[in-house]
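Working through the structure, step by step
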Amino acid sequence: MDAPSGAGPRRARGRLSAAGPTASGPAAGEPAAAWARFSAWLECVCVVTFDLELGQALELVYPSGFRLTDKEKSSICYLSFPDSHSGCLGDTQFSFRMRQCGGQRSPWHADDRQYNSGAPAALQREPAHYFGYVYFRQVKDSSVKRGYFQKSLVLVSRLPFVRLFQALLSLMAPEYFDKLAPCLEAVCSEIDQWPAPVPGQTLNLPVMGVVVQVRVPSRVDKPESSPPQQRDQENLLPAPVVLTSVHELDLFRCFRPVLTHVQTLWELMLLGEPLVVLAPSPDVSSEMVLALTSCLQPLKFCCDFRPYFTIHDSEFKEFTTRAQAPPNVVLGVTNPFFIKTLQHWPHILRVGEPRMSGDLPKQVKLKKPSRLKTLDTKPGLYTSYTAHLHRDKALLKRLLKGVQRKRPSDAQSALLRRHLLELTQSFIIPLEHYMASLMPLQKSISPWKTPPQIRPFSQDDFLRSLEHAGPQLTCILRGDWLGLYRRFFKSPHFDGWYRQRHREMAQKLEALHLEAICEADIESWMKDKSEVEVVDLVLKLREKLVRAQAHQLPVKEATLQRAQLYIEMVICSLPKDLQAVLCPP
């Protein structure tokens, strides 16, 4: 299914909306609000077909006003088709993630900050990447010269809502393949009527005669909260189809062949290690990569990841070069050629065809990278990495017992997800406690002085604190926790976690300082102050108000109102000429 050598993906002749300017984003003449609701969920919908003369070709982009760069078009074309080694017949769903090439689309995404501030870190909108959710159909068709009908319907979004968009494609794609463009336009118009995704809210999303009910996760949700309950059913006909999660995969099904190595894989993800997943098809590769990157929640996965990656990708040379160390990225691939080109990568996971029989499938074995030589390499985790923590045999026994007792897959997934969540929390809680100890005491914050600084993070001090406040307090697993923390300090995930926590603490410090000013006796302070000092106070208070609102600092509304009243009161105490300067008409 790859395009013939030298034939890149191009616009198929006479097809709709695939041509146009190469600049990314909405067209110049398109009003920003035209597809505002649609763009809260999706960037665009693409149709990719196989043309005998052109190879993979972009047949349609909808809305027609959305512009993709030539590089983005090329990437979408190649990533929307399984490669020729996969042999996918029938219908296949998978996903990919690709770099944006044209910068941020500011006219259509003014609500990013509001959504991201309430969403869990792992579910925030991507600022520099697109997700592609693909429904690919390949069936025999004697009316086509090649003998097969081959087409993909692709939803392009910056939201990692894989479950929601796969469910949406299951409704859209079969209908589209029968009725083509008019059906697509109707569905996109329906999506343009949806309410925007608001963290913490349960939404009813009507599409194609069905109401899909989803709850958008919030950063204040408690882990392992129960799935959303159906609401307002008496007013909805037909009754809504409740999607228990917008993003969670069937973790147990994804990890079935690697259950004995789940903890090793968790450590590799925690440390941001380069990993290649070689799978027989894009659906298996993309699900495994997304499962791996989700196993650190609630910690945000800060490294790059590509659920499906091909040899045609514009970053192929960047990822396969031997001139430098492999990048911190998790790659999902299906072409055995990658075994040769990525042989220098430290960790390669090869998985076979999924088997959904009653018994647990044969578990992949840990193997030395030196045995990874032939293109028909057997399934296995090829790595020289030695896990720091001992394996949790009790978990494996519980999962195996669940298989024997035919426990539902979602119950097995919940068990596995809880284990990984508790493991991550046990690792992160000591870091959180130590970080909190670096915050200045509230009593040291004076309204008339610059707030004190957050103390620097000392790795040695933190490691010493583990003896009395380490993960052993919440986790029964034994092993070299100190060694794991030392390696974690060098990873992108420590850097991402520390930057985020430091930013939150700095904002909290700013909020406490503003509250201290508002609770102070400003009138008494002003008595012996010069006009210059009083004007300086007005300017600083104004600046703090602007920052509090722009950065959504954790400040009560009453505090903001009091600060505004203080500004007005202080200005009124000044001579008329200064009042005119500070409050121009």
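Shown above is the structure to which this text applies.
Residues numbered from 1 in each chain as written. Predicted model: local features only at pLDDT ≥ 70, side-chain atom pairs only at ≥ 80, totals over all residues. Heavy atoms only, no water.

Glancing now at the packing of helix α7 (residues 262-270) against helix α12 (residues 409-437). Each pair of packed helices gets described by two things: the angle between the helix axes and the distance between those axes. The contact between α7 and α12 brings their axes to 12 Å, and the two run at 45°. As the angle between them shows, α7 and α12 are arranged oblique. Crossing handedness for the pair α7 and α12: right-handed. In this structure, α7 contributes V262, Q263, W266 and L270 to the contact, and α12 contributes L416, H419, L420, L423, T424 and F427. Class assignment for the residues of the contact of α7 with α12 results in seven nonpolar, three polar and no charged. (Axes fitted to C-alpha atoms, helices over the stretch in contact; angles between N-to-C directions. Helix = DSSP H or I, 4+ residues; strand = E, 2+ residues; numbered from the N terminus. Parallel < 35°, antiparallel > 145°, perpendicular 65-115°, else oblique. Left-handed = near helix turned anticlockwise from the far one by under 90°. Contact = heavy atoms within 4.5 Å. Nonpolar A, V, L, I, M, F, W, Y, C, P; charged D, E, K, R; others polar.)

Our next topic: the sheet that holds strand β10 (residues 210-215). Sheet strands pair by backbone hydrogen bonding; their relative direction is either parallel or antiparallel. Pairing in this open sheet of three strands is mixed, and the strands run β9-β10-β11 from one edge to the other. Strands at the two margins of the open sheet, each flanked by one partner only, are β9 (202-207) and β11 (241-242). Relative to β10, β9 is paired through six bridges, and the arrangement is antiparallel. Each residue of the ladder has a partner; that of T202, found in β10, is R215. Across the sheet, helix α4 (residues 162-179) touches β9 and β10, and the angle it forms with β10 is around 175°. (Pairing = 2+ DSSP bridges.)

As a further point, take the pairing of strand β7 (residues 129-140). Across the twelve residues that make up β7, a large majority, ten, are buried. Relative to strand β8 (residues 148-157), β7 runs antiparallel, the two being bridged by ten bridges. Each bridged residue has a counterpart across the sheet, and for Y135 the counterpart in β8 is L153. (Buried < 20%, exposed > 50% of the residue type's maximum accessible area, 1.4 Å probe, protein only.)

A contiguous patch of positive charge, built from R391, K393, K397, R398, K401, R405 and R407, is present on the exposed surface. Taking the relative accessible area as the measure of exposure, R405 reaches 63% and is therefore exposed. (Patch = residues over 30% accessible without salt bridge, like charges linked within 9 Å, V, L, I, M, F, W, Y side chains within 5 Å. Areas by Shrake-Rupley, 256 points an atom, 1.4 Å probe, with all protein chains shown as cover. Salt bridge = Lys/Arg side-chain N within 4 Å of Asp/Glu carboxyl O. Lys, Arg positive; Asp, Glu negative; His and termini not counted. Charge placed at Lys NZ, Arg CZ, Asp CG, Glu CD.)

Below, the discussion takes up the packing of aromatic side chains. Under the defined criterion, the tally for this structure stands at 33 aromatic pairs. Among the aromatic residues, those joined into a cluster by ring pairs are W266, F427, Y434, F457, F462, Y485, F488, F489, F494, W497 and Y498. Here R97 stacks its cationic end above the ring of F305, 4.2 Å away from the centre of that ring. One residue, R125, lies across the ring of Y115, its end atom 4.9 Å from the ring centre. (Phe/Tyr/Trp six-rings, centres within 6.5 Å; stacked < 30°, edge-to-face > 60°. Lys NZ or Arg CZ within 6 Å of the ring centre and 35° of its normal.)

Enumeration over the complete set of coordinates arrives at 21 salt bridges. A salt bridge links D304 to R97; the shortest N-O distance between them is 2.6 Å. On the criterion of sequence distance, the pair formed by D304 in strand β13 (residues 304-306) and R97 in strand β6 (residues 90-99) is long-range, its members being 207 residues apart. The salt bridge partner of R215 is D221, with a shortest N-O separation of 2.8 Å. Taking the relative accessible area as the measure of exposure, D221 reaches 24% and is therefore partly exposed. Within this structure, R97, R99, E126, D304, R306, E315 and E318 form a network of salt bridges that share partners.

The next subject is the sheet that holds β13. Reading across the sheet, the six strands line up as β13-β14-β12-β15-β17-β16 and stay open at both edges, with mixed pairing between neighbours. Edge positions in the sheet fall to β13 and β16 (365-367), since each has one partner strand and no second. When strand polarity is set aside, the average angle formed by the axes of neighbouring strands in this sheet is 15°. Relative to strand β15 (residues 347-350), strand β12 (residues 275-278) is paired through three bridges, and the arrangement is parallel. Residue pairing for β15: V277 is matched across the bridge by L349.

A word on the packing of helix α11 (residues 393-404) against α12. Two elements in contact, α11 and α12, have axes whose closest approach is 10 Å; the angle formed by their N-to-C orientations is 170°. Here α11 lies roughly antiparallel to α12, going by the angle between them. Note on element contacts: α12 touches α11 through Q412, L415, L416 and H419, opposite L395, R398, L399, G402 and V403. Within the contact of α11 with α12, the residues separate by chemical class into five nonpolar, three polar and one charged.

Moving on: the side chain of R158. Position of R158 among the secondary structure elements: in the loop between β8 and α4. For R158, a relative accessible area of 5% corresponds to the buried category. From its side chain, R158 meets the backbone oxygen of E126 in a polar contact 2.9 Å long. (Polar contact = N/O pair within 3.5 Å; in protein donor to acceptor, adjacent residues only side chain to side chain.)

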